[in-house]
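Below are the chains, spelled out letter by letter.
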Amino acid sequence: MEGDCLSCMKYLMFLFNFFIFLGGACLLGVGIWVIVDPTGFREIVAANPLLFTGAYIMLAMGAMLFLLGFLGCCGAIRENKCLLLFFFMFILLLFLAELSAAILAFIFRENLTREFFTKELKKHYLRNNDTDVFSSTWNSVMITFACCGVNGPEDFEDVPPLPHSPLETATPEACCQRELQSREGMIVNKEACLTGIERFQNRQGCYTVILNSFETYVYLAGALAIGVLAIELFAMIFAMCLFRGIQ
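Residues numbered from 1 in each chain as written. Predicted model: local features only at pLDDT ≥ 70, side-chain atom pairs only at ≥ 80, totals over all residues. Heavy atoms only, no water.

(A) Spatial organisation of the pattern of salt bridges. On inspection of all chains with the given rule, the structure shows 2 salt bridges. E198 is the salt-bridge partner of R203, the closest N and O atoms lying 3.5 Å from each other. Using a relative accessible area of 38% as the deciding quantity, one classes R203 as partly exposed. (Salt bridge = Lys/Arg side-chain N within 4 Å of Asp/Glu carboxyl O. Buried < 20%, exposed > 50% of the residue type's maximum accessible area, 1.4 Å probe, protein only.)

Here is the structure:
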């Protein structure tokens, strides 16, 4: 009976990790294709910071799942204690990292308030200075989401204008309406926007826009995170039971 139970656990673990392996291989393949694609898709991704970052995250996740699935499959089907131990340690590290991230996110949740972002923006923002990572990131966010500042254009009233920019008043160029929401998109009317004509500006704050964009996914992301942690916990239990059952 014990042998049948161990055999069943072995094949279930192999099947489970085979799907992880396939999923990782697919993500890895898509990530590599997006980054090296010679037909022009690479330029589209590179022009959008969110897509560009997402492609590398997809690549990293694919590589991690590919390795994880490989270790689990080989360890289970070959009943290799060394591979099962590596698999267990890998899952344990992932589990602890995700748990730590969740705890840190809960502890520092007050740093994600509207007031915090507003204070940081007014303190560090350097307008169109793309050599500054903070400013460049903010400009990309405002262009991508068609928003302005944290609360609106009034956030930039205390930010000094760039030298040699006689047109630029309080509103930065990234807040101007564009025909296409990317850095390559043409500004509808730059002069009117920078001189304060509201109909040529994006007036809504990024905090509200981004919150509304992701609000529908918050509960789904939470449920998915709990599901992933539960799967990892069961994978560790299966791996350790199989490890202990192998003679």
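(B) Just unusual backbone geometry, in detail. Although it is not a glycine, A146 adopts a positive phi angle of roughly 50°. Counting through the fold element by element, A146 comes out in the loop between α6 (133-145) and α7 (190-194). (Helix = DSSP H or I, 4+ residues; strand = E, 2+ residues; numbered from the N terminus.)

(C) Main features of the state of the cysteines. Scanning the entire structure with this criterion turns up 3 disulfides. The residue that forms a disulfide with C147 is C206, at a sulfur-sulfur distance of 2.0 Å. Judged by the sign of its S-S torsion, about 90°, the cystine formed by C147 and C206 is right-handed. Separated by 59 residues along the polypeptide, C147 in the loop between α6 and α7 and C206 in helix α8 (residues 206-245) bring together distant segments of the chain. Accessibility assignment for this pair places C147 and C206 in one class, buried. (Disulfide = S-S within 2.5 Å.)

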